[in-house]
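Chain by chain, the residues run as shown.
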Amino acid sequence: MNSFAIVVLACVVAAVAAFPILDDLSNCLTPQQVSELKKAIAGIQITLNTAVISLDIAAAAESDPTTKKDLEEAALILKEVSIYLVSNLTKIAESACGNCSEIVQVVNETVVAIEQTLENIDPDWQNNPIWKVVVTAVEDILAIVELVCPNKVYKLSVVPFVGSSCLNATQLQLLEKITALIQIVLTSAEVGLEVAIKEESDPTTKKDLQEALLIIKAISQDLVANLTKLAKQPCATCPEIVDLVNQAVNDIEAMLTSINPDWENDPLFKAIVEAIQQILNYVKVLCPSSARRLPYLPEHPMPPAPKNTLTYTNVY
């Protein structure tokens, strides 16, 4: 990797490390956190069991065959989800070095599973009071986990997340934080490019770096401005966020291709790709189930994605 890539990567890493909500999730839980986690597991088990019992009671009292079947199915799946969550959290609590990252992953997987279950049963579940007990249970789980990892709650899903539902107050706050993080990452990439331009002696490479810098600045300004504007709208949604980020990534891809068609094999641009991957990770935190519709950035190459042809089906 040349000096440019090293500088950009170093700047990005430094910026990420310096930002409070991006602290390392891989640190082992303290003895106090382990104790709190064990208490949390008991609380989560009670919460989910209560939700299951409520669904069972509702199913028994329901006269409509379709609704009864839906309630019974939801109760059955919620039981399985409860077993999965409690079992995995218990393993983390009993492991030699359990950490908040593992907790967040397990809880997010559970929340997404519950969301998908409700969506498959009733696409309009977020407006159906019959599912309120489940939504409340998920909110309680997130609150319980926050007690164990208070600084990591930004990593947790926040319901409801279905369809084009408006972001709630907590999600809007998270969107503002993520927008600030995106600005930091892209600004760090700009600084790296500026340093590389000053140190570069080859005229062609210097020109390429200057062109990349101009485009990165333009994309950064547009993306941050649009996300900021979106956060202030009465009904911001995950599809809109995904759309903005997809377009930014596509623009950067097109820029790299125009500078060097073989950019995916050029270590010069590896740090920029890594910076974009970090941005995608931020968006996945806010809209976890939309991850499959965000660009996939393997080590190389980035798959082509035509502009203005994005479609969304059950994106949130």
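Residues numbered from 1 in each chain as written. Predicted model: local features only at pLDDT ≥ 70, side-chain atom pairs only at ≥ 80, totals over all residues. Heavy atoms only, no water.

Tell me about helix H4 (residues 100-121), and please be specific about residues and values.
Spanning 22 residues, H4 covers 32 Å between terminal C-alpha atoms, matching the ideal 32 Å at 1.5 Å per step. Its side-chain oxygen 2.9 Å from the backbone nitrogen of Glu102, Asn99 forms the N-cap of H4. (Helix = DSSP H or I, 4+ residues; strand = E, 2+ residues; numbered from the N terminus. Expected span 1.5 Å × (residues − 1). Polar contact = N/O pair within 3.5 Å; in protein donor to acceptor, adjacent residues only side chain to side chain.)

Give a description of helix H5 (residues 132-148) that names residues and reports values.
Here H5 spans 25 Å end to end across 17 residues, near enough to the 24 Å set by a 1.5 Å rise per residue. Here H5 has its buried residues at Val134, Val135, Ala137, Val138, Ile141, Leu142, Ile144, Val145 and Val148. (Buried < 20%, exposed > 50% of the residue type's maximum accessible area, 1.4 Å probe, protein only.)

Let's hear about the state of the cysteines: which residues, and what values?
Within this structure, the stated rule accounts for two disulfides. Cys28 shares a disulfide with Cys97; S-S distance 1.6 Å. What sets the handedness of the Cys28 and Cys97 disulfide is the S-S torsion sign, and at about -95 degrees it is left-handed. Within this pair, whereas Cys28 is found in the loop between helix H1 (3-18) and helix H2 (31-61), its partner Cys97 is found in the loop between helix H3 (65-94) and H4, the two being separated by 69 residues in sequence. Residue class for Cys28 comes out partly exposed when judged on its relative accessible area of 39%. (Disulfide = S-S within 2.5 Å.)

Quick rundown of the side chain of Thr47? Include the residues and the values.
Here Thr47 is to be found in helix H2. Judged by its relative accessible area of 15%, Thr47 falls in the buried class. If we skip the residues at most four places from it in the chain, Thr47 touches Ala137, Asp140 and Ile144. (Contact = heavy atoms within 4.5 Å.)

Describe in detail the environment of Asn168, supporting the description with residues and values.
Within the secondary structure, Asn168 is located in the loop between H5 and helix H6 (169-199). The spacing of Asn168 and Cys235 is 67 residues in sequence and 8.8 Å in space, taken between C-alpha atoms.

How would you summarise the packing of H2 against H3 if you had to cite specific residues and measurements?
The N-to-C vectors of H2 and H3 enclose an angle of 170 degrees; their axes lie 9 Å apart at closest approach. Considering their axes alone, H2 and H3 lie roughly antiparallel with respect to each other. Considered class by class, the residues forming the contact of H2 with H3 number 20 nonpolar, four polar and five charged. (Axes fitted to C-alpha atoms, helices over the stretch in contact; angles between N-to-C directions. Parallel < 35°, antiparallel > 145°, perpendicular 65-115°, else oblique. Nonpolar A, V, L, I, M, F, W, Y, C, P; charged D, E, K, R; others polar.)

Tell me about the pattern of salt bridges, and please be specific about residues and values.
A full pass over the atoms with the stated rule returns one salt bridge. The residue Lys217 makes a salt bridge to Glu194 at a minimum N-O spacing of 3.4 Å. Of this pair, Lys217 sits in helix H7 (residues 203-231) while Glu194 sits in helix H6, placing them 23 residues apart in sequence. Classification of Glu194 as partly exposed rests on a relative accessible area of 31%. (Salt bridge = Lys/Arg side-chain N within 4 Å of Asp/Glu carboxyl O.)

Mind laying out the packing of H7 against helix H8 (residues 238-259), listing which residues take part and the relevant values?
For any two helices packed against each other, the geometry is given by the interaxial angle and the distance between the axes. Orientation of H7 relative to H8, taken along the N-to-C sense of each, is 175 degrees, at an axis distance of 10 Å. Between H7 and H8, the crossing angle belongs to the class labelled roughly antiparallel. Contact with H7, carried on its side by Asp208, Glu211, Ala212, Ile215, Ile216, Ile219, Leu223, Asn226, Leu227 and Leu230, involves Glu240, Ile241, Leu244, Val245, Ala248, Asp251, Ile252, Met255, Ser258 and Ile259 of H8 and no other residues of that element. Counted by class, the contact of H7 with H8 contains 14 nonpolar, two polar and four charged residues.

Got a sec to walk through the nonpolar core? Specific residues and values, please.
By size, the foremost hydrophobic cluster in this structure holds 44 residues, and its most contacted members are Ile182, Ile241, Val245 and Ile252. Put simply, the parts of the chain that give this core at least two residues each are H6, H7, H8 and helix H9 (270-286). Apart from residues no more than four positions distant in its own chain, Ile252 is found in contact with Ile216, Ile219, Ile272 and Ile276. Counting residues in each nonpolar core, the second largest holds 40 residues, with Ile92, Ile114, Val138 and Ile141 among its members. (Core = buried A, V, L, I, M, F, W, Y, C linked by side-chain atoms within 4.5 Å.)

If you had to explain the confidence of the model for the protein to someone new, which residues and values would you point to?
Here the protein averages 75 in pLDDT, and 78% of its residues register 70 or above. In this model, residues 158-163 is a region of pLDDT below 50 whose contacts with residues beyond four sequence positions or in other chains number 27 contacts. (pLDDT = per-residue confidence, 0-100.)

Run through the side chain of Asp70, naming residues and quoting values.
With respect to the element layout, Asp70 can be found in helix H3. Of the side chains with opposite charge, Lys69 comes closest to the buried, unpaired Asp70, at an N-O distance of 6.7 Å. With residues up to four places along the chain from it excluded, the contact list for Asp70 reads Ile121 and Trp131. (Lys, Arg positive; Asp, Glu negative; His and termini not counted.)

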